[in-house]
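Summary of the model geometry
Here is what each chain is made of, one letter per residue.
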Amino acid sequence: MVLALSACGLVVALVVVGLFVFGLRRRLIQRSGGTFDCSLRWGVPEEPDTSGKGWGYGIARYNGDRVEWFRVFSYAPRPRRVLERSAIEVAGRRAPEGEEELALLSDAVILACHHRGIRLELAMSEDALTGFLAWLEAAPPGQRVNVA
C-alpha cells in the first residue's frame, strides 16, 4: 500500500514538474517581447488542403530580421523553424475552411507564404497578422520583400 501511494505521489510530482517546465519555457520565450500565438503548417501541397492535418500550434517571436517559431508542446529551448524576413514571400491570405476551423484558434487568419522555395502557411489572429505584415514591409532599405 505504501509503495502504491509513493508511486502515485511520484507520478503526480512528475506531472506538476512537467507542467511547470512548460510554463517556464513559455515565459523564457516571451521574455524578450515581440511574441504572438501562431500555428504553422510546413511543406503545404499546391492544391488546397482543408483537412486540418499538419498544423502545429506554437509561439512566434520576432528576433531582428527573423521570426523564430517554437512548438508549444515541446521542451526544446531552440526554435523549431526560423524564417528570415528577406526570404519570406506572401502568396495570399484566407479564412480557415472545413476541419481547419477545428484545428486552429477561433479568430485565425491563414497566410500562405513561400520561404526559400518551401510552401508554408501561418495561422494567426487578425491583430498578429497586421503586425506581421508591417514587420515584413519595414525591411531595411535594399532588402527585397514580397508582400501580396
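Rules used throughout
Residues numbered from 1 in each chain as written. Predicted model: local features only at pLDDT ≥ 70, side-chain atom pairs only at ≥ 80, totals over all residues. Heavy atoms only, no water. Core = buried A, V, L, I, M, F, W, Y, C linked by side-chain atoms within 4.5 Å. Buried < 20%, exposed > 50% of the residue type's maximum accessible area, 1.4 Å probe, protein only. Helix = DSSP H or I, 4+ residues; strand = E, 2+ residues; numbered from the N terminus. Pairing = 2+ DSSP bridges. Axes fitted to C-alpha atoms, helices over the stretch in contact; angles between N-to-C directions. Contact = heavy atoms within 4.5 Å. Patch = residues over 30% accessible without salt bridge, like charges linked within 9 Å, V, L, I, M, F, W, Y side chains within 5 Å. Areas by Shrake-Rupley, 256 points an atom, 1.4 Å probe, with all protein chains shown as cover. Salt bridge = Lys/Arg side-chain N within 4 Å of Asp/Glu carboxyl O.

- Per an unreviewed UniProt entry, the chain goes by DUF2550 domain-containing protein and derives from Streptomyces glomeratus.

Regarding the nonpolar core
- The biggest cluster of nonpolar side chains holds 21 residues, and the ones touching the most others in it are Leu122, Met124 and Phe132.
- Elements with a contribution of two residues or more to this core: strand S1 (35-42), strand S3 (66-71), strand S5 (88-94), strand S6 (108-115), strand S7 (118-125) and helix H3 (126-137).
- With six residues, the top contributor of residues to this core is H3.
- Membership of the second largest hydrophobic core comes to five residues, among which are Trp55, Leu104, Ala108 and Ile110.

Observations regarding the sheet that holds S3
- Pairing is antiparallel in the open sheet, where seven strands are placed in the order S4-S3-S2-S1-S7-S6-S5. In this open sheet, the two strands that pair with only one neighbour each are strand S4 (81-84) and S5. Direction aside, neighbouring strands of the sheet carry axes that sit 35 degrees apart on average.
- Here S3 runs beside S4; their pairing, made up of four bridges, is antiparallel. Within S4, the residue paired with Trp69 across the bridge is Arg81.
- The sheet strands contacting helix H1 (residues 2-30) are S1, strand S2 (56-63) and S3, and the helix crosses S2 at an angle near 30 degrees.
- H3 contacts S1, S2, S3, S5, S6 and S7 of the sheet and is inclined by roughly 130 degrees relative to S7.

Section: a nonpolar patch on the surface
- Among the surface-exposed residues, Val17, Phe20, Val21, Leu24, Leu28 and Tyr75 lie close enough to one another that they form a single nonpolar patch of about 570 Å² accessible area.
- Looking at where Leu24 falls in the secondary structure, it is placed in helix H1.

Looking at the pattern of salt bridges
- Applying the stated criterion across every chain yields a total of nine salt bridges.
- When the shortest N-O distance is used, the salt bridge between Arg66 and Glu68 registers 2.6 Å.
- When its relative accessible area of 32% is taken as the criterion, Arg66 is described as partly exposed.
- Classification of Glu68 by relative accessible area gives buried; the value is 4%.
- A salt bridge links Glu100 to Arg94, with the shortest nitrogen-to-oxygen separation between them at 2.8 Å.
- By relative accessible area, Glu100 is classed as buried at 0%.

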